[in-house]
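# Coordinate inspection notes
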Amino acid sequence: MNNVTLLRHFRNKTTGCVMDWDGVTCWPAASAGETISVQCPQLPLLTQNPTGEQYKVLISRVCTVDGWSEPSLPYYKACYHDDDDPDEEMRKQKNYFDTVRLLYSVGYGLSLATLLVALLIFCTFRKLHCTRNHIHLNLFVTFMLRSLAVFIKDAVLFADHSLDHCTMSTAQCKAAVTFFHFCVLSNFSWLLVEALYLQSLLLFPFTRTRTFCWIYATVGWGAPTVITVIWALMKKEMDDEACWDDLESRLWWIIKTPILLSIFINFLIFVNISRTIVQKTKATHRHQTDTQLYRTLLHSTLVLIPLFGLHYVVFAMFPEHVSVGPRLYLELVLGSFQGFIVAVMYCFLNGEVSHVLNLNVFISAFHKITSMNRQKVICFFFLSGPK
């Protein structure tokens, strides 16, 4: 997600005045004599009116034979309640998006480093190889791919600030956006697999979980691959414009629908698992006080939130241009740290992992001590032997 795609509300045309990016809004191509009107862009820094809503004044431009006319109203007059310097407001908006980008870059970088360590731990120790940890392992990989995809997409789209991102259309940027969508779909798919695995343990407690592995692999990797290929082929044939990052395109629903399904299925499973946890906790902790009981319930349910990606439920059904400011912080900034949180909770704070690591440290120390003692015995034998 980026500020350019959030501001793009119109599709390109091929006749008349060419598409124009004026630094705030993408003006679509138009025929000579045609008048195009847009509302104030939905940016989080726009000044609100006394009722708490952003100003909705129309700004118009006419396509003449000589090109685009000047806007009917300057942005700082049409969209702002005060008369602040428009250049200053533009700098504030740029600083805002630069801050958001810096925060999610730190989050994804931290997540990538933490997940890499967790991945090495799960792969190194054979005692940690089981169905549950294999699913965690695949989820860690998708978080790492998602972090890499964000860095690649930003490097391709924003490395050169002199480029016009509104009309930029290269094979590199299309490939970067396609790879990004695949990684996001894979990430949500394995979040769904985590939920399905826990649900299967409740429904089929005595069934060998390995029998479901092929289903999990199909959902986690197969479905995102097929969906991404279909989307890319349809984009190429029907909507081959810009960098394929138009969130207002109808083809965007090919990507968004599986993500929404994953989010809401996870939410339903979370509610069901939480209900089961409440019932079992009350049955097995009858002698606890209410405070201790609620603390146990809170801990048992909160650990599932990052694993199921439930924070995405908040804006799941809202259009992309609604509540841009909170959405950026929740989905980009907070979401960038999700991989870090999952790695810490399900690897570094995992009792099974801690036991294996402590046992391995003990064994290594034991071998080191016995090796040193063996060397001392051999040395003593030679020094005390017959002269």
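Residues numbered from 1 in each chain as written. Predicted model: local features only at pLDDT ≥ 70, side-chain atom pairs only at ≥ 80, totals over all residues. Heavy atoms only, no water.

### Looking at the state of the cysteines
In the structure shown here, the tally under the stated rule is 2 disulfides. The disulfide partner of Cys173 is Cys243, and the gap between their sulfur atoms is 2.0 Å. Around the S-S axis, the bridge from Cys173 to Cys243 shows a dihedral of about -100° and counts as left-handed. Of the two residues, Cys173 is situated in helix α5 (residues 171-203) and Cys243 in the loop between α6 (213-238) and α7 (252-284); the sequence distance between them amounts to 70 residues. On the basis of relative accessible area, Cys173 is assigned to the buried category, the value being 0%. Note on Cys243: relative accessible area 2%, which makes it buried. (Disulfide = S-S within 2.5 Å. Helix = DSSP H or I, 4+ residues; strand = E, 2+ residues; numbered from the N terminus. Buried < 20%, exposed > 50% of the residue type's maximum accessible area, 1.4 Å probe, protein only.)

### A short note on the environment of Tyr197
Its location among the elements puts Tyr197 in helix α5. As a C-alpha pair, Tyr197 and Cys213 span 16 residues in sequence and 9.6 Å in three-dimensional space.

### Considering the packing of aromatic side chains
According to the stated counting rule, one finds 7 aromatic pairs in the structure shown. With a centroid separation of 5.8 Å and 90° between ring planes, the pair formed by Trp231 and Trp244 is classed as edge-to-face. Residue Trp231 is found in helix α6, and its partner Trp244 is found in the loop between α6 and α7; the two are separated by 13 residues along the sequence. Judged on exposure class, the residue Trp231 and its partner Trp244 are both buried. Over the ring of Phe180 we find Lys153; its NZ or CZ atom is 4.8 Å from the centre of that ring. (Phe/Tyr/Trp six-rings, centres within 6.5 Å; stacked < 30°, edge-to-face > 60°. Lys NZ or Arg CZ within 6 Å of the ring centre and 35° of its normal.)

### Considering the pattern of salt bridges
Opposite charge on two side chains lets them pair, provided their charged atoms get close. Counted according to the given criterion, the structure contains 6 salt bridges. Arg132 is paired through a salt bridge with Glu352; the nearest N and O atoms lie 2.5 Å apart. Of this pair, Arg132 sits in helix α4 (residues 131-158) while Glu352 sits in helix α12 (residues 351-384), and the two are 220 residues apart along the sequence. On the basis of relative accessibility, which here comes to 31%, the residue Arg132 falls in the partly exposed class. For Asp239, the salt bridge identified is with Lys235, shortest N-O distance 2.9 Å. The pair formed by Asp239 and Lys235 is uniform in burial state, with each residue classed as buried. Taken together, the shared-partner salt bridges connect Lys174, Lys236 and Asp240 into one network. (Salt bridge = Lys/Arg side-chain N within 4 Å of Asp/Glu carboxyl O.)

### Examining helix α11 (residues 338-348)
Looking at α11, one finds that the buried residues are Gln338, Gly339, Val342, Ala343, Tyr346 and Cys347. Looking down the long axis of α11, one finds its buried residues gathered within 130° of arc, a one-sided arrangement. (Arc of directions from axis to C-beta.)

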